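Listed below, chain by chain, are the residues.
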Amino acid sequence: MKTKILKHSILAVCLSLLPMAMMAKQEATVSSPSGNITLTTGVDNVGRPYYSLNRGKEEILLHSALGLKLKDGDLSNDFRLIGFSRATKDETWHQPWGEEDDVRNHYNELTMKLAQKKGLQRQLTIVFRVFDDGMGFRYVFPQQKNLSDFIITDELTEFCFKGDPEAWTLPFDADYYEGLWTKAPLSKKQKVCTPVTIEAKPDLYMMLHEANLTDYSSLNVKPIEAKEGYVRLKAELVPWSNGDLVRAKAPFVSPWRMLSVEDHVCGLITNRIMLNLNDPCKIKDTSWITTGKYVGVWWTYHMQHATWGIGPKHGATTENTKRYIDFAAEHGFKGVLVEGWNYGWENDWGKEGDKFNFTKPYPDYDFDGLQKYALSKGVSLIAHNETGGAAKNYEEQLEAAFSLYEKMGIKAIKTGYVNKVMDNKELQHSQYGVRHYRKVIEAAARHHIMVVNHEPAMPTGLQRTYPNLIASEGVRGQEWNAWDGAGGNPPYHLCVLPFTRQLAGPIDFTPGIFKLEGQVYAHTHPHTTLAKQLAEYVVIYTPWQMAADEIENYKDQPAFTFIEAMPSNWQKTVIPMAEIGKYIVTARQNRDNQDWFVGGMTDENARDISLKLDFLAPGTTYKAIIYKDGPDAEYDKNPYPMTIEQLVVNHDSVLKLHMAKSGGFAIQLIKQA
């Protein structure tokens, strides 16, 4: 009897363990090439997919759910595992332009194929890629009998962070992403856009974002659960006007959801997961894609010295533009940007944004003659295309406008969408807006035209695929220092951007204001020293940099020599020291030679640093030309004092540098023969 009872007990235990054993088969792990990052994924006992992430033995992301809701079904549960497959990749690809010459793309991949047990038995595939410095995953909707055209009504992706880490975020409803990034525990945040920059602990920094935003809606996230030990975020997408999130047709893929993971804050800036999760370049010949510097009449408008629309103070005149072309040619700049040159600026954009004409200049602007004049001096016009948010009107004119620009030899445009909605209906960051921006980029590529996109969707690394997308705005930029009622950007702002908005991609911030007093509003002006304005050129990255001030303000300014010398294409980038929101030092090596440029800046606090030059080549000497705050410099009282000195330095040198309140420095390091 005892033997029989024992057998029944053993059988009962085995049966009780069977679901656990079956569940274990529904799970798999994939580690990064070095093994330091490990992702676990599978389906739980209700068939819901999930994942988690570890760094070594340390949990980073706890059990986080995956899935989506469709208008005609639910793709978040009732799944069975079809199977796992694995792949690995290790390649190095070349950037036509960028913060470094080449990028290594090294990851291990795990693909989980799922099918629902009941109902329509729809299939869903989730692909995970794990790098030594983070991970990414995306949803794949295979072509199948019971899924053709479909509408996503909710994305149920979760990111369950261990603890309650501090995060730098921007509110999801900041117009054009032009807001201030603020720091607080994740649990205290409302809905925010990505990227989200996380300071978890002294040796753990993360950035949550998306990569390869293609025919989808922009990603926001919000906390949905906060308990002792974790905070759970959920994806929130920007809707169409009728509430749809994404309209799709199988086969279809989502953007990548990505998390970079670094043990030092400086690593966030040199992390390249977002770029690596984008598709390889689709432009076969990229030789026409260049980098450079430009000037323009933009700041004169903000200073109310000229107007966009035609009239007695019109800025876009033939005579005025020639002055800027001559200045550009004299100082080695490649481009001149002129807003307000074309018909449409005189209209009410909210009602008549569709009146913009992108080929017809105002009578006082000789478009063709000015471009010929510019080309004769080794310069080119940059065509400005403000749409007023009238996307359809722009799309209808794309081929005619871009064909004209290509024929004229214009190789770059700056677009604008100053309207909270497109076509008086759809949000810019919805799938509607994302589709429009892509049409512009692809049309521009066909006509060998580079694009700087203002009022954009948040960048997601698309410049790898379409390197003619050279920069975007999507930031509280320099113009806020002209008319912001609160006085302008606060001193800490520039020390936050490299770790937040800039992680998404190059920024058209428009630096280089040399006349720092408020000219329109007494208390509104750049809250920096002159030296910090120079530092912006190194710290805030874009392949096309603007000297944004009125050209008269550069006359007889020794500091302008640094801007003249600055390249905007790099073979290597190093961040020697930084603390988010407080200070940063950035060093970049010129792609065309072995010279380096260094920029440093601080918040409202003065700061003394010891800068090691150990990023320089050993056994080589460099002439250092240092532009730094003068002894009495102070951003709010005396922003102009600057000391310019020259030293001979090498790999072992350490520079003692003082940064005034909201001050900085800029250094040119010229390799000696």
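The name an unreviewed UniProt entry assigns to the protein chain is Glycoside hydrolase family 97 protein, from the organism Prevotella vespertina. Annotation of the protein chain in UniProt includes, under Subunit (unreviewed entry), the sentence "Monomer." Within the UniProt record for the protein chain, the comment given under Cofactor (unreviewed entry) is "Ca(2+)".

Participant: Just to check I follow, could you spell out the overall build of the protein chain for this structure?
Facilitator: Each helix and strand in the protein chain was counted, giving 13 helices and 39 strands. Taking 26 Å as the expected radius of gyration for a compact globule of 673 residues, we find that the protein chain reaches 27 Å, a close match to that expectation. Taking the principal axes of the C-alpha coordinates as reference, the protein chain spans close to 105 × 60 × 45 Å. Taking all 673 residues of the protein chain together, the buried fraction comes to 61%. When the accessible surface of the protein chain is totalled, it reaches about 26,000 Å², and 51% of it is carbon and sulfur.

Participant: Is there a simple way to explain the sheet that holds strand 12 (residues 158–162) in this structure?
Facilitator: Within a sheet, neighbouring strands are paired by backbone hydrogen bonds and run either parallel or antiparallel to one another. Across the sheet, eight strands lie side by side as 1-2-3-4-12-19-18-15; this open sheet has antiparallel pairing. Since the sheet does not close on itself, it has two edges, and those belong to strand 1 (27–31) and strand 15 (192–193), each with one partner. Of the strand pairs in this sheet, strand 15 and strand 18 (residues 219–227) are connected by two bridges, and their pairing is antiparallel. Bridging from a neighbouring strand, Val192 pairs with Val221 of strand 18.

Participant: Honestly, the environment of Glu645 in this entry has me stumped. Any pointers?
Facilitator: One can find Glu645 in strand 37 (residues 642–650). A sequence separation of 19 residues divides Glu645 from Ile626, and the C-alpha atoms of the two residues are 5.3 Å apart. Apart from the residues within four sequence positions on either side, Glu645 is in contact with Ala624, Ile625, Ile626 and Lys628. Only 3.2 Å separates the side chain of Glu645 from the side chain of Lys628, close enough to count as a polar contact.

Participant: How should the nonpolar core be read in this particular structure?
Facilitator: Within soluble globular proteins, side chains that are nonpolar generally end up buried alongside one another. Phe141, Phe161, Leu259, Phe402 and Tyr405 are the most contacted members of the largest nonpolar core, which has 145 residues in total. The biggest single contributor to this core is helix 9 (residues 431–446), with eight residues. Sequence-distant contacts of Leu259, defined by excluding residues within four places in its chain, comprise Leu53, Ile60, Leu61, Asp133, Gly134, Met135, Phe161, Met206, Met207, Leu208 and Ile273. Within the second largest apolar cluster, 40 residues are counted, among which are Trp256, Ile273, Val475 and Ala504.

Participant: Help me out: how do you make sense of the environment of Ile325 in this one?
Facilitator: Here Ile325 shows up in helix 5 (residues 318–331). For Ile325, a relative accessible area of 0% gives the class buried. In the structure, Ile325 is positioned 56 residues away from Leu381 in sequence and 8.3 Å away in space, judged by C-alpha atoms. The residues touching Ile325, leaving out its near neighbours within four places in the chain, are Val336, Leu370, Tyr373, Ala374, Lys377, Val379 and Leu381.

Participant: Is there a simple way to explain the sheet that holds strand 20 (residues 246–249) in this structure?
Facilitator: Spatially, the four strands line up as an open sheet ordered 6-5-11-20, and their pairing is antiparallel. If you trace the sheet from one side to the other, it starts and ends with strand 6 (73–75) and strand 20, each paired once. Within this sheet the neighbouring strands show an average axis-to-axis angle of 35°, counted without direction. Across three bridges, the pairing between strand 5 (residues 68–70) and strand 6 is antiparallel. Bridge assignment links Leu70 to a residue of strand 6, and that residue is Gly73.

Participant: Can you walk me through the pattern of salt bridges in this structure?
Facilitator: Between side chains of opposite charge, a pair can form when the charged atoms approach closely. Applying the stated criterion across every chain, the model contains 36 salt bridges. Here Glu99 makes a salt bridge to Arg588, at a shortest N to O gap of 2.9 Å. Taken together, the positions of Glu99 in the loop between strand 7 (79–94) and strand 8 (102–116) and Arg588 in strand 33 (residues 583–590) put the pair 489 residues apart, joining distant regions of the chain. The same class applies to Glu99 and to Arg588, which are both buried. Salt-bridge contacts for Asp154 lead to Lys234; the nearest nitrogen and oxygen are separated by 2.8 Å. Placement of the pair is Asp154 in strand 11 (residues 149–155) and Lys234 in strand 19 (residues 230–237), with a sequence separation of 80 residues. Judged by its relative accessible area of 21%, Asp154 falls in the partly exposed class. For Lys234, a relative accessible area of 11% corresponds to the buried category.

Participant: What should I look at first to understand the side chain of Asn276 in this one?
Facilitator: Mapping Asn276 onto the fold places it in helix 3 (residues 273–276). The class for Asn276 is buried, based on a relative accessible area of 4%. With residues up to four places along the chain from it excluded, the contact list for Asn276 reads Trp93, Val103, Arg104, Asn105, Arg129, Phe131 and Arg464.

Participant: What's the story with the side chain of Arg257 in this structure? I'm lost.
Facilitator: Within the fold, Arg257 resides in strand 22 (residues 256–262). By relative accessible area, which is 0% here, Arg257 ends up buried. Looking at Arg257, its side chain comes within polar contact range of the side chain of Glu155, at 2.9 Å. Here the side chain of Arg257 touches Glu210 through a polar contact of 3.1 Å, side chain to side chain. Dropping the residues within four chain positions of it, Arg257 is found in contact with Met135, Gly136, Phe137, Glu155, Thr157, Phe159, His209, Glu210, Tyr216, Leu219 and Leu237.

Participant: Would you explain helix 5 in this entry?
Facilitator: The α-helix winds at 3.6 residues per turn, so residues separated by three or four positions along the chain end up facing the same way. Taking 1.5 Å per residue, 14 residues should reach 20 Å; helix 5 reaches 20 Å between its end C-alpha atoms and fits that length. Considering only its buried residues, helix 5 is in contact with strand 23 (292–296), helix 4 (298–302), strand 24 (335–338), helix 7 (367–376), strand 25 (380–386) and helix 13 (560–565). Gly332 lies just past helix 5 and shows a positive phi near 80°.

Participant: Looking at this structure, I do not really get helix 7. What am I missing?
Facilitator: Phe367, Leu370, Gln371 and Ala374 are the residues of helix 7 that are buried. One side of helix 7 carries all its buried residues, which in axial view fall inside an arc of 100°. Facing away from the buried side of helix 7 by more than 90 degrees, the exposed set consists of Lys372 and Ser376. For helix 7, the secondary structure elements touched by its buried residues are helix 5, strand 25 and helix 8 (391–408). Backbone geometry just downstream of helix 7 places Gly378 in the positive-phi region, at approximately 75°.

Participant: Quick question: what am I supposed to make of the environment of Ile289 here?
Facilitator: Mapping Ile289 onto the fold places it in the loop between helix 3 and strand 23. Looking at Ile289, the relative accessible area reads 8%, which means it is buried. Along the sequence, Ile289 and Ile470 sit 181 residues apart, while their C-alpha atoms lie 8.9 Å from each other.

Participant: For this particular structure, what's the right way to read the packing of helix 8 against helix 9?
Facilitator: When two helices pack together, their arrangement is given by the angle between the helix axes and the distance between those axes. Look at helix 8 against helix 9: their axes get within 9 Å of each other, and the N-to-C directions meet at 10°. Classified by the interaxial angle, the pair formed by helix 8 and helix 9 is roughly parallel. In this structure, helix 8 crosses over helix 9, and the sense of that crossing is right-handed. Within the contact between the two elements, helix 8 uses Ala391, Lys392, Tyr394, Glu395, Leu398, Glu399, Phe402 and Glu406 and helix 9 uses Tyr432, His436, Lys439, Val440, Ala443, Ala444 and Arg446. Each residue belonging to the contact of helix 8 with helix 9 can be placed in one class, and the counts come to eight nonpolar, one polar and six charged.

About the thresholds
- Residues numbered from 1 in each chain as written.
- Predicted model: local features only at pLDDT ≥ 70, side-chain atom pairs only at ≥ 80, totals over all residues.
- Heavy atoms only, no water.
- UniProt positions renumbered as here; feature names shortened; annotations may be inferred.
- Helix = DSSP H or I, 4+ residues; strand = E, 2+ residues; numbered from the N terminus.
- Rg over C-alpha atoms; globule rule 2.2 N^0.38 Å.
- Buried < 20%, exposed > 50% of the residue type's maximum accessible area, 1.4 Å probe, protein only.
- Areas by Shrake-Rupley, 256 points an atom, 1.4 Å probe, with all protein chains shown as cover.
- Pairing = 2+ DSSP bridges.
- Contact = heavy atoms within 4.5 Å.
- Polar contact = N/O pair within 3.5 Å; in protein donor to acceptor, adjacent residues only side chain to side chain.
- Core = buried A, V, L, I, M, F, W, Y, C linked by side-chain atoms within 4.5 Å.
- Axes fitted to C-alpha atoms, helices over the stretch in contact; angles between N-to-C directions.
- Salt bridge = Lys/Arg side-chain N within 4 Å of Asp/Glu carboxyl O.
- Expected span 1.5 Å × (residues − 1).
- Arc of directions from axis to C-beta.
- Parallel < 35°, antiparallel > 145°, perpendicular 65-115°, else oblique.
- Left-handed = near helix turned anticlockwise from the far one by under 90°.
- Nonpolar A, V, L, I, M, F, W, Y, C, P; charged D, E, K, R; others polar.

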